[in-house]
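One-letter residues, chain by chain:
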Amino acid sequence: MTDEKVLAASNFDHNPPVAHNQYDDSIRLFTAAYEPLFDMAHASLRSIAGETAGILIVGAGTGMEICTFGQKSSGWHFTGVDPSAEMLAISGKKIAEKGLSERVELVNGYCDDLPESCLYDGATCILVMHFLPDDGSKLRLLQSISRHLKRGAPLILVDDTGEPKSEEFWRTVDAWRTYVKTKGADPKLVDEGFSGQILKRLHFVPEGRIYELLDQAGFEKPSRFFTAFLYCGWVAVKN
Ligand SMILES: C[S@@+](CC[C@H](N)C(=O)[O-])C[C@H]1O[C@@H](n2cnc3c(N)ncnc32)[C@H](O)[C@@H]1O
């Protein structure tokens, strides 16, 4: 896949999966346990990074990580990076409303745009890597995060995972689709969301491959802390 195609899949400014002002509602509809996920990610990060830490948020989006973590850990400060100016604008507003701006720096760009000298005590990459194909792009993202972490620092990675050639994958997709429909969503919109966005746009790899990529990027001791249909969350440590 060319770099342009990679950019098209993950570009939230020119090719958003949903309109930016609908992202917060849409992600809560389609991602089971979206809010508990962030509470659990925070706890997993804090158990290793501690009460005072500099945290790198890769794919800061509309600010869910920074707003949730910032309110729970008053000793943390954050650098949030995201190539989408539109998503970051929403994030910036929410961060200000919650009175967290003094502890937050937002960077419109990629992790590689940060100075090499910036080393963090922990990082998150939540619902980002599955937009990238496994042609070196996923690995490059993890490597760029790894370069910006101190030894022993945790990474929280959350992605859709699975083997699309397996029966279990499609059984899980079916259950997930039923879950969203039975929450009261318009069945036609749900089917369009699955066929037009989730199944076309995301690059699924099995959990074993995620562990290999983490290892190749310099992370060890991965453990899974979250599962919701195909969404999984892991914590691993920079070696
Ligand atoms: C589905 S949103 C997730 C936002 C937030 N992490 C959340 O969980 O709600 C994905 C975000 O990743 C950003 N993104 C895409 N490719 C990226 C990359 N290579 N590095 C950092 N962020 C990226 C997009 O612009 C978008 O804001």
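Before reading on, note that the structure itself is shown above.
Computed from a prediction, not measured in an experiment: that's the story for all the values here.

### Observations concerning the overall build of the protein chain
Assigned secondary structure in the protein chain consists of nine helices and seven strands. Against the compact-globule benchmark of 18 Å for 239 residues, the protein chain has a radius of gyration of 17 Å, which places it among compact chains. Across its three principal axes, the protein chain shows a C-alpha extent of roughly 45 × 40 × 35 Å. A fraction of 74% describes how many contacts in the protein chain between residues 6 or more apart in sequence connect residues 24 or more apart. For the protein chain, the accessible surface area stands at approximately 11,000 Å², while carbon and sulfur atoms represent 52% of it. Here the protein chain contributes 25 positive and 33 negative side-chain charges, whose respective centroids are spaced 2 Å apart.

### Overview of the site of the ligand
Around the ligand sit 18 residues, and of these Tyr23, Tyr34, Gly59, Glu65 and Asp82 come closest. Here Glu65 contributes a side-chain N or O atom positioned 2.6 Å from a nitrogen atom of the ligand. Computed on the free molecule, the ligand has an accessible area of 590 Å², of which 97% lies beneath the protein chains in the complex. For the shell around the ligand, the class distribution of residues is twelve nonpolar, four polar and two charged.

### Quick word on helix 3 (residues 34–49)
Between its terminal C-alpha atoms helix 3 stretches 22 Å, which fits the 22 Å expected from 16 residues at 1.5 Å a residue. Positioned one or two residues after helix 3, Gly50 has a phi angle of 85°, which is positive.

### Concerning the packing of aromatic side chains
Inspection of the entire model under this criterion finds ten aromatic pairs. Note on Trp76 and Phe78: the rings are 6.3 Å apart at their centroids and 70° apart in plane angle, and the pair reads as edge-to-face. Relative to Tyr231, the ring of Trp176 lies with its centre 5.2 Å away and its plane at 70°, an arrangement referred to as edge-to-face. Note that Trp176 is positioned in helix 7 (residues 167–181) and Tyr231 in strand 7 (residues 231–238), a separation of 55 residues in sequence. Since its relative accessible area comes to 0%, Trp176 is described here as buried. In this structure an aromatic cluster arises from ring pairing among Phe30, Trp176, Phe194 and Tyr231.

### What to know about the packing of helix 3 against helix 4 (residues 64–72)
Following both chains from N to C, one finds helix 3 and helix 4 inclined at 55°, their axes separated by 10 Å at the closest point. Of the possible angle classes, the one that applies to helix 3 and helix 4 is oblique. Here the hand of the crossing between helix 3 and helix 4 comes out right-handed. Together, Tyr34, Glu35, Phe38, Asp39, Ala41, His42, Leu45 and Arg46 of helix 3 and Met64, Glu65, Thr68, Phe69 and Lys72 of helix 4 make up the contact between the two elements. Grouping the amino acids of the contact of helix 3 with helix 4 by side-chain chemistry returns six nonpolar, two polar and five charged.

### Structural notes on helix 5 (residues 85–97)
With 13 residues, helix 5 should reach 18 Å at 1.5 Å per residue; the first-to-last C-alpha distance of 18 Å fits that figure. Burial in helix 5 covers these residues: Met87, Leu88, Ser91 and Ile95. Seen along its axis, helix 5 keeps its buried residues to an arc of 90°; they face one direction. Facing away from the buried side of helix 5, by more than 90 degrees, are the exposed residues Lys93 and Glu97. Residues of helix 5 that are buried in the fold lie against helix 2 (23–30), helix 4, strand 2 (76–82) and strand 3 (104–108). Backbone geometry just after helix 5 places Gly99 at a positive phi near 70°.

Reading the values: rules and limits
Residues numbered from 1 in each chain as written. Predicted model: local features only at pLDDT ≥ 70, side-chain atom pairs only at ≥ 80, totals over all residues. Heavy atoms only, no water. Helix = DSSP H or I, 4+ residues; strand = E, 2+ residues; numbered from the N terminus. Rg over C-alpha atoms; globule rule 2.2 N^0.38 Å. Contact = heavy atoms within 4.5 Å. Areas by Shrake-Rupley, 256 points an atom, 1.4 Å probe, with all protein chains shown as cover. Lys, Arg positive; Asp, Glu negative; His and termini not counted. Charge placed at Lys NZ, Arg CZ, Asp CG, Glu CD. Near = heavy atom within 4 Å. Polar contact = N/O pair within 3.5 Å; in protein donor to acceptor, adjacent residues only side chain to side chain. Nonpolar A, V, L, I, M, F, W, Y, C, P; charged D, E, K, R; others polar. Expected span 1.5 Å × (residues − 1). Phe/Tyr/Trp six-rings, centres within 6.5 Å; stacked < 30°, edge-to-face > 60°. Buried < 20%, exposed > 50% of the residue type's maximum accessible area, 1.4 Å probe, protein only. Axes fitted to C-alpha atoms, helices over the stretch in contact; angles between N-to-C directions. Parallel < 35°, antiparallel > 145°, perpendicular 65-115°, else oblique. Left-handed = near helix turned anticlockwise from the far one by under 90°. Arc of directions from axis to C-beta.

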